[in-house]
Amino acid sequence: MLYRLKQSGFQAHLVGGGVRDLLLGREPKDFDVATDASPEQVKRVFRNCRLIGRRFRLAHVHFGREIIEVATFRGTGDITEGGSERRIENGMLLRDNVYGSIEEDALRRDFTVNALYYNIEDFSVIDYAGGLEDLEQGQLRLLGDPETRFREDPVRMLRAVRFAAKLGFNIVPEVEEALLDLGDLLEGVPPARLFDETLKLFMGGTAVQCYEKMCHYNLFRELFPETDEILSREENQFPVVFVAKGLQNTDLRIQEGKPVTPAFLLAVLLWEPVRQLANDLIAEGEAKLPAMQQAGSVVVSQQVRHVAIPRRFSLMMKEIWSLQHRFEQRAGKRPQRLLSHPRFRAAYDFLLLRAESGEVDPELADWWTCYQSVEGNEQQQMANASRPTTERRRRRRRRPKRPLPAEGE
Ligand code: ATP
Ligand code: MG
């Protein structure tokens, strides 16, 4: 791609995570290209190209399942408030589509280690911002004044946490200070963008570290206020253990190359608010299933004001939650019915986490683990053995009595 752009008369460099990760000996997640060609010009060079984004216009060039992001060099241009291509309101960068030189482009990137350019002219790395030194020292340093840069785009705070966790880098003190102060700026970020960022934080293989750092810098409470409030009251109790185990589990699955769904992860993060609300409703006389359904709806509708959740995921979360009480019903045909439910697997994994964290009796989880591993007739026996004793007694009484033997026989 770089050579193709060059042959068409443009400058083109590999930039961002691709360069950073290769220099660190890590496998880049994706590749980003910076060029002096405008998005329209990029589109003319590559047939397999789509232009995306309004706030930040980009060209996506598709190669099978791979997408390479091609960004035109950004300049600082005219910073007047209310301009049309670069718009800043109350310090927040609402639109950033003024093009400029590569030097200007380097300085408007987020971290020094993300502002390194690989140059195909002489195979060198161009460093305008001291990124190579920070890379060597394992430091994450924001370009420019931290407060101004976080105000321009508060998502950079979440990016700081994510890169620190993923790379094992230290955030330099002046950036840490700004992080500790400015978390509430995240309120001004559209929930849909926070959903994308939440997935990157929790589905990149370092969810545990991201979570711990987010809590440390008071950012978790901006994304999941209800969960944060409950967990900060609980300290070391099972709800805290549950979230920690859920995140560990996600990291492990990603390391093993197993699939993870955002629905499971979000169901874990929101379980405690849902569980507590459902218990309150049950205490008020509501039945278990409707209580769980109502609690799920209430918690999700409050959550999406902060972090959007696409419907296909929120539906699955609600199913995982609603299926939990059905694990308690082990008699008769019910276990078979639950086993064939399309969400059985996710709900069962969720039950295991609850058992591991001490919320439910491990015996229940073990029963279901065993139930799945045995043959049909043994499953039948397990279900029969689970019939409540009162029910068994009642059945026995209903059986017709054998006539008493006549006297003398
Ligand atoms: P990874 O792809 O591994 O998550 P990355 O550094 O490549 O990390 P991307 O989101 O792919 O991150 O962005 C590519 C590059 O674009 C970044 O390295 C950075 O230079 C720049 N960039 C991305 N988002 C921002 C932002 N919010 N503010 C400033 N620069 C940004
Ligand atoms: Mg990238």
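Residues numbered from 1 in each chain as written. Chains lettered and ligands numbered in written order. Predicted model: local features only at pLDDT ≥ 70, side-chain atom pairs only at ≥ 80, totals over all residues. Heavy atoms only, no water.

Trainee: Which residues make up the overall build of the chain, and what values go with them?
Mentor: For the chain, the helix and strand inventory stands at 21 helices and 11 strands. In summary, the chain has a C-alpha radius of gyration of 28 Å against a globular reference of 22 Å for 409 residues, an excess of more than 25%. Oriented by its inertia axes, the alpha-carbon framework of the chain measures out at about 115 × 40 × 40 Å. Taking all 409 residues of the chain together, 46% fall into the buried category. (Helix = DSSP H or I, 4+ residues; strand = E, 2+ residues; numbered from the N terminus. Rg over C-alpha atoms; globule rule 2.2 N^0.38 Å. Buried < 20%, exposed > 50% of the residue type's maximum accessible area, 1.4 Å probe, protein only.)

Trainee: Got a sec to walk through the sheet that holds strand β5 (residues 66-72)? Specific residues and values, please.
Mentor: As summarised here, the arrangement of the seven strands in space is β3-β4-β5-β2-β1-β8-β9, forming an open sheet in which the pairing is mixed. A strand with exactly one partner marks an edge of an open sheet, and here the two such strands are β3 (49-52) and β9 (124-127). Strand-to-strand, the axes of this sheet are offset by a mean angle of 35°, without reference to chain direction. Relative to strand β2 (residues 32-35), strand β1 (residues 12-15) runs antiparallel, the two sharing four bridges. Residue pairing in the sheet places His13 in a bridge with Ala34 of β2. (Pairing = 2+ DSSP bridges. Axes fitted to C-alpha atoms, helices over the stretch in contact; angles between N-to-C directions.)

Trainee: Quick rundown of the coordination of the magnesium ion (ligand 2)? Include the residues and the values.
Mentor: Taken together, the protein donors to the magnesium ion (ligand 2) comprise Asp30 (OD) and Asp32 (OD), at separations of 2.2 to 2.4 Å. You can call Asp30 partly exposed: its relative accessible area is 29%. Judged by relative accessible area, which is 17%, Asp32 ranks as buried. (Donors = N, O, S within 2.8 Å, 3.2 Å for Na, K, Ca; no water.)

Trainee: I'd like a description of the site of ligand 1, backed by residues and values.
Mentor: Residues in contact with ligand 1 amount to 17 residues; listed here are only the nearest, Arg20, Lys29, Asp153, Arg156 and Lys166. Within the contact set of ligand 1, an oxygen atom lies 2.9 Å away from a side-chain nitrogen or oxygen of Lys29. At 3.2 Å, a backbone N or O of Asp110 approaches a nitrogen atom of ligand 1. Coverage of ligand 1 by the protein amounts to 88% of the 580 Å² it exposes when considered alone. Those elements that place two or more of their residues in the shell around ligand 1 are α2 (17-23) and α7 (155-167). Ranked by the residues each element gives to the shell around ligand 1, the list is headed by α7, at five residues. Considering only residue class, the shell around ligand 1 consists of one nonpolar, three polar and 13 charged. (Near = heavy atom within 4 Å. Polar contact = N/O pair within 3.5 Å; in protein donor to acceptor, adjacent residues only side chain to side chain. Areas by Shrake-Rupley, 256 points an atom, 1.4 Å probe, with all protein chains shown as cover. Nonpolar A, V, L, I, M, F, W, Y, C, P; charged D, E, K, R; others polar.)

Trainee: If you had to explain the packing of aromatic side chains to someone new, which residues and values would you point to?
Mentor: According to the stated counting rule, one finds 15 aromatic pairs in the structure shown. Centroid distance Trp271 to Phe350: 5.3 Å. Interplanar angle 90°. Geometry classified as edge-to-face. One end of the pair, Trp271, is in helix α14 (residues 262-283); the other, Phe350, is in helix α18 (residues 344-356), with 79 residues separating them in the sequence. Ring plane angle 65° and centroid distance 5.5 Å describe the contact between Trp368 and Tyr371, whose orientation is recorded as edge-to-face. (Phe/Tyr/Trp six-rings, centres within 6.5 Å; stacked < 30°, edge-to-face > 60°.)

Trainee: Please set out α14 residue by residue, giving values where relevant.
Mentor: The end-to-end C-alpha separation of α14 is 31 Å, in line with the 32 Å expected for 22 residues at 1.5 Å each. When the local axis directions of α14 are compared, the greatest deviation, roughly 55°, occurs at Leu270, which is followed within four positions by the proline Pro273. A large share of α14 lies buried, amounting to 16 of its 22 residues. Among the residues of α14, the N-terminal cap falls to Thr261, whose side-chain oxygen and the backbone nitrogen of Ala263 are separated by 3.0 Å. Positive backbone phi, approximately 110°, marks Gly285, located one or two places after α14. (Expected span 1.5 Å × (residues − 1). Bend = angle between axes of the 7 residues up to and from the residue.)

Trainee: Can you break down the packing of α14 against α18 residue by residue, with the values?
Mentor: Interaxial distance between α14 and α18 falls to 11 Å at its minimum, and their mutual angle equals 40°. Considering how the two elements wind past one another, α14 and α18 form a crossing that is right-handed. Note on element contacts: α18 touches α14 through Ala346, Asp349, Phe350, Leu353 and Arg354, opposite Phe264, Ala267, Val268 and Trp271. (Left-handed = near helix turned anticlockwise from the far one by under 90°. Contact = heavy atoms within 4.5 Å.)

Trainee: So what about the nonpolar core? Which residues, and what values?
Mentor: Leu140, Phe202, Met214, Leu219, Met317, Trp321 and Phe350 are the most contacted members of the largest nonpolar core, which totals 88 residues. Among the elements that take part in this core, α14 stands out by supplying 12 residues, more than any other. Each of domain 1 (1-137) and domain 2 (190-393) gives at least three residues to this core. In contact with Phe350, other than residues within four places in its own chain, are Phe242, Phe264, Ala267, Val268, Trp271, Ile320, Trp321 and Gln324. (Core = buried A, V, L, I, M, F, W, Y, C linked by side-chain atoms within 4.5 Å. Domains from an automatic or database assignment.)

Trainee: Which residues make up unusual backbone geometry, and what values do they have?
Mentor: Even without being glycine, Phe123 reaches a positive phi, approximately 55°. Structurally, Phe123 can be placed in the loop between β8 (116-119) and β9. Even without being a glycine, Asn218 presents a positive backbone phi close to 60°. Along the polypeptide, Asn218 turns up in the loop between α10 (207-216) and α11 (220-223).

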